[in-house]
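Residue-level structure breakdown
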Amino acid sequence: MSERAKVLVKEPIADAGVDLLRERFEVEVGTDWDAGELAGRIADFDGILIRSVTKLDAGLIERAQRLRVIGRAGTGIDNVDVEAATKRGIVVANAPEANSIAAAEHTLALMLALCRNVPQAHGSLAGGAWERSSFKGAELYGKTLGVLGFGRIGQLVAQRAIGFDMSVVGYDKFVTAERFRELGVEGVESPEELYSRADFISLHLPKTPETVGIIDAAAIAAMRPGVRIVNCARGELIDLDALGDGLEGGRVAGAALDVFPEEPFTSHPILRRSDVVATPHLGASTEEAQDRAGIVTAEQVTAALSGGVVTTAVNIAAVRPEVMEALAPFVPLCEKLGALAQGLGDGAVGRVEVEFRGRLADADTRILGIAVLAGILKGHTEEAVNLVNAPHLAEQRGIELTETRESSSEDFTELVVVRVHSGDGAVEVAGTGAGPRNAPHLVRVWGDDFFLPFADHLAIFRYADQPGMIGRVGTIFGEEGVNIVSAAVGAETEGDTAVITLTTDNPVNQSTIDRILELDGFAVGRAVSI
Ligand code: NAD
Ligand code: MLT
């Protein structure tokens, strides 16, 4: 029996997620491991599940020689060096929607708590005081909320704020005016416009080089006097010194913070201010969100380790999950076509053309183009090649991929044509999926048409089209102990030559091919294992 893959659950996730992993893998729960233990043992694992505390930097990823998948049970992946993982072919998958509602509700909770001094009043009362006059608050009703970052959580916050009769303005570099309108929100052209309009500003941006420190002294100076700022996204978005100055100077009336530049974050003076409400990164901490995140992440890790479709991978071409599901059966076909075309060519691969015909022409086929590249590169690089790192490895080698689409396809519902340019020439092969599972079939090679199921080992010959030639191949294969699984002669032989493609149980040695090529009438022969 083959060894079960090993998965490390490094941060607490829902029991249901751990149970799911235990069905298929050897699971170790290392939630109490310190950084040293993680560094010492990460090399033992094929998969790891984390939340936001574990920092998987390039150094740790380098040590993780067996690692094939990083599952991030939550949204932000800023604690993972995705580039380092991608270069190593490690899938990084998150649970992007699992905690959006929790984070949006927490944002509203913070906003209300800030306006009505809930924590301060609670602390006072718990301390034995009955101070009604000290805690006069402000209403959300009729105020303008500025949502910076109108993605999943920003949109949910806007919808809830509208429920409180707030007007909402939003800024997002990548959201259309129409989407803003659909949700009853006014999209504005710049953060500055949002600052000049909003009584409350809620941040829902990811942490990127562009967004770090977006709320700095200049931004605060552009805001309305008395603005209240809520951050339930990432701590690094706010320059805390500038916020402290804004609060001190009175331009900012209050701030509610769930996230901080370094976490844990316990001793900063801003936490002691009466105009600040803070929680220790609790945005996602609901039972429901943790259950969802744990289960989704466990499912993604399971898929990555068992050859399934990782629908939330952040470093595989961004294809929508439903498209990914539909295209998944064609991934092996494209890999095989790439490997075959490469194996039939001579010299370094330069350009790769992939033509998607028939129904595939309407699909977002980026993942299939990458699969062709993976097939071309497999077995020819130091590191294992997969759909994650194939584009990077191809780029490093100067391999250029172009894709074309054509909805007509004479004989097949879906047809993939791969043309690999290497040396002075180009090799063209084509294939399709057949049967209920779209099993990969080869339909064209060296200009001749076939219909035979792909196998791991193929031998292809061009020979003079005369009686007895196929028998001779069979005889020599028999003498060399090569078992032929299937064979097909090209259907559209032009001139006086023909092409035969054979699939075999085992790789065909070059010496076997050479023996056949010494026979009269055999012009070209190649063995390819894919
Ligand atoms: P998302 O990707 O759905 O939305 C982010 C939006 O920001 C996108 O629409 C994007 O177009 C926009 N954006 C990116 N860069 C921009 C820029 N420079 N200018 C303007 N707009 C830009 O993400 P999400 O799921 O809504 O998460 C939002 C944030 O909340 C993330 O930082 C995430 O890590 C954080 N988060 C925090 C908690 C928590 O516990 N506090 C929980 C979940 C998510
Ligand atoms: C997230 O990005 O999902 C949040 O920060 C919550 C978390 O990881 O716990």
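Please read these numbers as outputs of a predicted model, since none were measured by experiment. (Residues numbered from 1 in each chain as written. Chains lettered and ligands numbered in written order. Predicted model: local features only at pLDDT ≥ 70, side-chain atom pairs only at ≥ 80, totals over all residues. Heavy atoms only, no water.)

Take the sheet that holds strand 20 (residues 484–489) next. Sheet architecture is open: four strands sit in the order 20-21-19-22, paired in antiparallel fashion. In this open sheet, the two strands that pair with only one neighbour each are strand 20 and strand 22 (522–529). Neighbour-to-neighbour, the strand axes of this sheet turn through a mean angle of 15 degrees, independent of strand direction. For strand 19 (residues 457–464) and strand 22, the ladder comprises seven bridges, and the chain directions are antiparallel. Pairing of L458 across the sheet is with V528, part of strand 22. (Pairing = 2+ DSSP bridges. Helix = DSSP H or I, 4+ residues; strand = E, 2+ residues; numbered from the N terminus. Axes fitted to C-alpha atoms, helices over the stretch in contact; angles between N-to-C directions.)

Okay, the packing of aromatic side chains next. Summed over the entire model, instances satisfying the criterion amount to seven aromatic pairs. Between F461 and F522 the ring centres are 6.0 Å apart and the planes differ by 85 degrees, which places this aromatic pair in the edge-to-face class. In this pair, F461 sits in strand 19 while F522 sits in strand 22, placing the two residues 61 residues apart along the sequence. The exposure class assigned to F461 is buried, which follows from its relative accessible area of 0%. Here the aromatic cluster, defined as three or more aromatic residues joined through ring pairs, consists of F461, Y463, F477 and F522. Over the aromatic face of F45 sits the side chain of K6, whose NZ or CZ is 5.5 Å from the ring centroid. (Phe/Tyr/Trp six-rings, centres within 6.5 Å; stacked < 30°, edge-to-face > 60°. Buried < 20%, exposed > 50% of the residue type's maximum accessible area, 1.4 Å probe, protein only. Lys NZ or Arg CZ within 6 Å of the ring centre and 35° of its normal.)

Right, let's get into the site of ligand 2. Surrounding ligand 2, one finds R51, S52, R72, G74, T75, G76, N99, R234, H281 and A284. N99 places a side-chain nitrogen or oxygen 2.7 Å from an oxygen atom of ligand 2. In this structure, R234 approaches ligand 2 through a side-chain N or O atom, which is 2.7 Å from an oxygen atom. Burial of ligand 2 by the protein amounts to 92% of the accessible area it has alone, namely 260 Å². (Near = heavy atom within 4 Å. Polar contact = N/O pair within 3.5 Å; in protein donor to acceptor, adjacent residues only side chain to side chain. Areas by Shrake-Rupley, 256 points an atom, 1.4 Å probe, with all protein chains shown as cover.)

Let us now look at the site of ligand 1. Around ligand 1, a shell composed of 26 residues is seen, among which R152, I153, D172, L205 and D258 lie nearest. R234 places a side-chain nitrogen or oxygen 3.3 Å from an oxygen atom of ligand 1. The backbone of G283 places a nitrogen or oxygen atom 3.4 Å from an oxygen atom of ligand 1. Tallied by class, residues from the shell around ligand 1 come to 11 nonpolar, nine polar and six charged. (Nonpolar A, V, L, I, M, F, W, Y, C, P; charged D, E, K, R; others polar.)

The next thing to look at is the pattern of salt bridges. Counted according to the given criterion, the structure contains 28 salt bridges. Between R419 and E428 there is a salt bridge, with the nearest N and O atoms lying 2.8 Å from each other. Its relative accessible area of 26% is what places E428 among the partly exposed residues. Notably, a salt bridge pairs E480 with R515, separated by 2.8 Å at the nearest N-O pair. (Salt bridge = Lys/Arg side-chain N within 4 Å of Asp/Glu carboxyl O.)

So, about the environment of A363. Turning to its location among the elements, A363 is positioned in the loop between strand 13 (349–358) and helix 15 (366–377). A C-alpha to C-alpha distance of 8.3 Å links A363 and L327, two positions 36 residues apart in sequence. Once residues lying within four places of it in the same chain are set aside, the contact partners of A363 are L327 and R405. (Contact = heavy atoms within 4.5 Å.)

Here the domain parsing of the chain yields domain 1 (6–96 + 288–305), domain 2 (100–278), domain 3 (317–431) and domain 4 (446–530). Computed over C-alpha atoms, the centres of domain 1 and domain 2 are 31 Å apart. Between domain 1 and domain 2, the contact holds six residues from the first and five residues from the second. Across the interface of domain 1 and domain 2, roughly 510 Å² is buried in total on both sides, 40% from carbon and sulfur atoms. When the buried area of domain 1 at its contact with domain 2 is split by residue, T75, D78 and P96 rank highest and sum to 66% of it. At the surface where domain 1 touches domain 2, the tally comes to one salt bridge. Its salt-bridge partner being R234, residue D78 comes within 3.0 Å of it at the nearest N-O pair. The interface formed by domain 1 and domain 2 contains three residue pairs in polar contact (both at pLDDT 80 or more). Partitioned by chemical class, the residues of the side of domain 1 that touches domain 2 number two nonpolar, two polar and two charged. (Domains from an automatic or database assignment. Buried area = accessible area lost by both parts, 1.4 Å probe.)

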